[in-house]
Amino acid sequence: MIKVKSKKHVMVLGLAIFNLISTTQLVHAADPILSAEMELNSEQPKVCAAVRGNGERILAHFHALAGYVEHWGPVDTMAGSSSGTITAFIYESIRQNPLVNRCEGRTCTKDEANLRMSLLLKSTAGILEVIRRQPIGQELLYWLNFGKSLSLGNGNSSDDSLKSIPPIVLGIVIKLVLDSKYIISLIDSSYREWIETESPKDIQQKRQEQTLASINFLIDPVFPSDIFFRRAVLNYEEIVRNVGFFGNFYAGYDEAAVFMKDFVDHCAQKALGKTWDALSENSDCQERFVTSYEKWFAALSDNPKQRLDEEIGAHYPSIGVSGYIDNEEVLENYRRQNVVFQNGKKPKWDLNESDLKIGYWRSSSLDGRTPAPIDEEDEIGELTSSKWQAYRNLGRMNWRNVITLSASEPGGATLRWFPDQKSLSLGGWVDPVPVKLLKDVGCDKVIYFTREGDRSMYPPEIIKALGFSETMATQWFDQKDPQSAVVQSMKMADAYWCTQWDSFGVNKIAEMLEDAYHSPIVSIDPVFTAKVPLANVLPQGPSGCLLHKE
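By convention here, each chain's residues receive numbers from 1 onward along its written sequence. Only residues with pLDDT of at least 70 are given local features in this predicted model, and only at 80 or more are side-chain atom pairs given and counted; all residues enter the totals for whole chains, interfaces and linings. With hydrogens and water stripped out, all remaining heavy atoms of the structure feed into the side-chain values.

### Looking at the overall build of the protein chain
Here is step 1 of the chain: By definition, any uninterrupted DSSP run of H or I lasting at least four residues is a helix, any uninterrupted run of E lasting at least two residues is a strand, and each is numbered from the N terminus. Counting its regular elements, the protein chain contains 21 helices and 13 strands.
Here is step 2 of the chain: Counting across all 550 residues of the protein chain, residues that qualify as buried make up 57%.
Here is step 3 of the chain: A total of about 22200 Å² of accessible surface is found on the protein chain, and carbon and sulfur atoms cover 50% of it. Burial classes follow relative accessibility: with a 1.4 Å probe on protein chains only, a residue under 20% of its type's maximum area counts as buried, one over 50% as exposed, and anything between as partly exposed. With residues, only the protein chains shown are counted as cover, and all accessible areas are computed by Shrake-Rupley using a 1.4 Å probe.

### Focus: the nonpolar core
The nonpolar side chains of a soluble globular protein tend to be buried with one another.
Here is step 1 of the chain: Residues Tyr68 and Ile447 are the most contacted members of the largest nonpolar core, which totals 84 residues.
Here is step 2 of the chain: Residues are treated as being in contact if the distance between any of their heavy atoms lies within 4.5 Å. Residue contacts for Tyr68: discarding those within four places in its chain leaves Val47, Gly73, Val75, Ile447, Phe449, Trp497, Ile521 and Phe528.
Here is step 3 of the chain: Trp429, Val441, Ile463 and Trp476 belong to the second-largest nonpolar core, a separate cluster that totals 57 residues. The nonpolar core is taken to be a set of buried Ala, Val, Leu, Ile, Met, Phe, Trp, Tyr and Cys residues, with the residues joined through side-chain atoms within 4.5 Å.

### A word on unusual backbone geometry
Here is step 1 of the chain: The phi torsion at Glu104 lies on the positive side, around 50°, for a residue other than glycine.
Here is step 2 of the chain: Tracing the backbone shows Glu104 in the loop between strand 3 (102-103) and strand 4 (106-107).
Here is step 3 of the chain: With a relative accessible area of 56%, Glu104 lands in the exposed category.

### Quick notes on the pairing of strand 9 (residues 424-427)
The side chains of a regular strand alternate, first on one face of the sheet and then on the other.
Here is step 1 of the chain: Strand pairing follows a simple DSSP-based rule, namely that at least 2 bridges must link the two strands. The pairing of strand 5 (residues 318-325) with strand 9 spans three bridges and is classified as antiparallel. Residue pairing in the sheet places Ile325 in a bridge with Leu424 of strand 9.
Here is step 2 of the chain: Pairing analysis gives two bridges linking strand 8 (residues 416-417) to strand 9, with the strands arranged antiparallel. Each residue of the ladder has a partner; that of Arg416, found in strand 9, is Ser425.
Here is step 3 of the chain: Linking strand 8 back to strand 9 in an antiparallel pair, the connection comprises six residues, with Gln421 at a positive phi of about 65°.

### Considerations on the state of the cysteines
Here is step 1 of the chain: Count a disulfide wherever a pair of cysteine sulfur atoms falls within 2.5 Å. Scanning all chains against the criterion turns up four disulfides.
Here is step 2 of the chain: The side chain of Cys103 participates in a disulfide bridge whose partner is Cys108; the two sulfur atoms lie 1.9 Å from each other. On the sign convention where negative is left-handed, the bridge of Cys103 and Cys108, at about 105° about the S-S bond, is right-handed.
Here is step 3 of the chain: A relative accessible area of 9% places Cys108 in the buried class.
Here is step 4 of the chain: The side chain of Cys267 participates in a disulfide bridge whose partner is Cys285; the two sulfur atoms lie 2.1 Å from each other. The S-S bond linking Cys267 to Cys285 shows a torsion near -105°; that makes this disulfide left-handed. Taken as a pair, Cys267 in helix 11 (residues 256-267) and Cys285 in helix 13 (residues 285-298) lie far apart in primary sequence, 18 residues in all.
Here is step 5 of the chain: On the basis of relative accessible area, Cys285 is assigned to the buried category, the value being 0%.
Here is step 6 of the chain: Described in terms of the sequence order of its bonded cysteines, the disulfide pattern of the protein chain is 1-6, 2-3, 4-5, 7-8.

### Some words on the packing of helix 3 (residues 83-96) against helix 4 (residues 110-122)
Here is step 1 of the chain: Fitted lines through C-alpha atoms give the axes, limited to the stretch in contact for helices. The angle between two N-to-C directions lies from 0 to 180 degrees. The interhelical angle for the contact between helix 3 and helix 4, taken along N-to-C directions, is 140°, at an axis separation of 10 Å. Relative to helix 4, helix 3 is oriented oblique. Handedness of the helix 3/helix 4 crossing: right-handed. Residue-level inspection shows Tyr91, Ile94 and Arg95 of helix 3 in contact with helix 4, the latter providing Met117, Leu120 and Leu121.
Here is step 2 of the chain: Its residues assigned to classes, the contact of helix 3 with helix 4 shows five nonpolar, no polar and one charged. When an angle is under 35 degrees it counts as roughly parallel; over 145 it counts as roughly antiparallel; between 65 and 115 it counts as roughly perpendicular; any other value is oblique. Left-handed describes a crossing in which the near helix is turned anticlockwise from the far one by less than a right angle; the clockwise case is right-handed. Residues are grouped as follows: nonpolar covers Ala, Val, Leu, Ile, Met, Phe, Trp, Tyr, Cys and Pro; charged covers Asp, Glu, Lys and Arg; every other residue, Gly included, is treated as polar.

### Overview of the pairing of strand 5
Here is step 1 of the chain: Here strand 5 lies mainly inside the structure; eight of its eight residues are buried.
Here is step 2 of the chain: What you see with strand 5 is no split at all: Ser318, Gly320, Ser322 and Tyr324 on one side and Ile319, Val321, Gly323 and Ile325 on the other are buried throughout.
Here is step 3 of the chain: Where strand 2 (residues 77-81) lies against strand 5, four bridges are found, and the strand directions are parallel. What sits directly across from Gly80, in strand 5, is Gly320.

### Things to note about the pattern of salt bridges
Here is step 1 of the chain: We count a salt bridge whenever a side-chain nitrogen from Lys or Arg sits within 4 Å of a carboxyl oxygen from Asp or Glu. All told, the structure shown has 27 salt bridges when counted by the stated rule.
Here is step 2 of the chain: A salt bridge links Glu92 to Arg307, with the shortest nitrogen-to-oxygen separation between them at 3.2 Å. Placement of Glu92 in helix 3 and of Arg307 in the loop between helix 13 and strand 5 is noted, with a sequence separation of 215 residues between them. In terms of burial, Glu92 and Arg307 fall into one category: buried.
Here is step 3 of the chain: In this structure, the salt-bridge partner of Asp494 is Lys439, at a minimum N-O distance of 2.8 Å.

### Quick look at the packing of helix 10 (residues 236-251) against helix 13
Packed helix pairs are characterised by how far apart their axes lie and by the angle those axes make with each other.
Here is step 1 of the chain: At a minimum axis distance of 11 Å, the contact between helix 10 and helix 13 shows a crossing angle of 105°. Between helix 10 and helix 13, the interaxial angle falls into the category roughly perpendicular. Of helix 13, the residues touching helix 10 (which contributes Phe245, Phe246, Asn248, Phe249 and Tyr250) are Phe289, Ser292, Tyr293, Trp296 and Phe297.

Below, the structure is given as structure tokens:
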């Protein structure tokens, strides 16, 4: 057994897995407490949530949502891209859990249901402890500590950087990791074959350098054109499968609601006004949560029902987003250039601006509501950005594919093909502000969960890495340009949940969750301000959360 040295290492480990990973079933018909379906909020106006992707900081999403739900109640529809798609998946799972709406044999009051849902959202932070106790978690901790020792041994004072590891040392480490007992399941099989294939020394060294570049991208992103051709080190399908297990658990499948009933009944009221860390310090709620998951997992049937195989929004209206290319000529060139790159040479894209499309999948309940390009009658009709012309309704798809395609971003994973092999996904970065999508499908009010600040490096840098112009990057993503597509979409929001999640590194998880939970809501709309349950309801916010309402 590997000894865990600190809580900090547990946090880093959990994020490494969860973020790359990340019709109600009546689980016990004899128990009336667990036999009622969750009712969707039918009150008007319809309030929807747009969730900005935030990569390794995904846990901030759930604490932010918990803060909102605890006071205002659930939102009716959620749109997310990148890691926000995982958030929508888990949120949909929680909404259908029968324990949310049943309190000791009776229907919960709205306030009670809100507290139960908020507790489950906060408990996602407890997944870190679940992972730490598993054999694979112990093995991952070993390699995280080993990587850190290599980094420091090369004179690097950063706790997180691996940049100074020489390729020859990395090659040895790779071989050791590939012989590991548990972590091997998280290593992509095609990567293992690729890295182990006999080849000239210079090619092998380039493969090791590419591996190091992929790992370091998560620490300090750079955006060369070859980022779209890099081999993924991680087995993304396995990581998504683990995200699916958490979805099954939160939905109450395979008697999960039976196992977690004690936790929810005992801790919902205790969690009022507290983050997960604060709750765990003063109660046994984390132990109850972890125990409920471990008992459920140990008792799983051989063929459990899978949330991942259900259509997006099967139980609750949801929208997922991903950029993609379907031009046959471009895709054929990508295949050729991929071979060029794997042979150690520099690949070259050949794209026109019109080749990049923004696809969205949506619930069947949203059928017939198709986001349309902005025209002269639109409230922001002066905008001429090509982004609005790029939207495509992709219909419905199961959650497994939605998460895999939207959350597997360039640099962190290999580009993914759609199931029909006719389109290549580029990830959900194309629409970090899916507010317009929600307005177009009928949402009366939209609250945007985001962070303050007007600098968003990832999307514009990816645009340029694809070979597109600086002008296109500005028109689509410049938060300082009032006519950019991203600002125009933000203008349509009725409220912002304004966090500072970009201010926290992976070593400051507790602080990040505290901030996300207690962040101000920025709005002048009575739907959000009338209750005024928090002192930090603001009529105007900082950059990134700047309210654009007359």
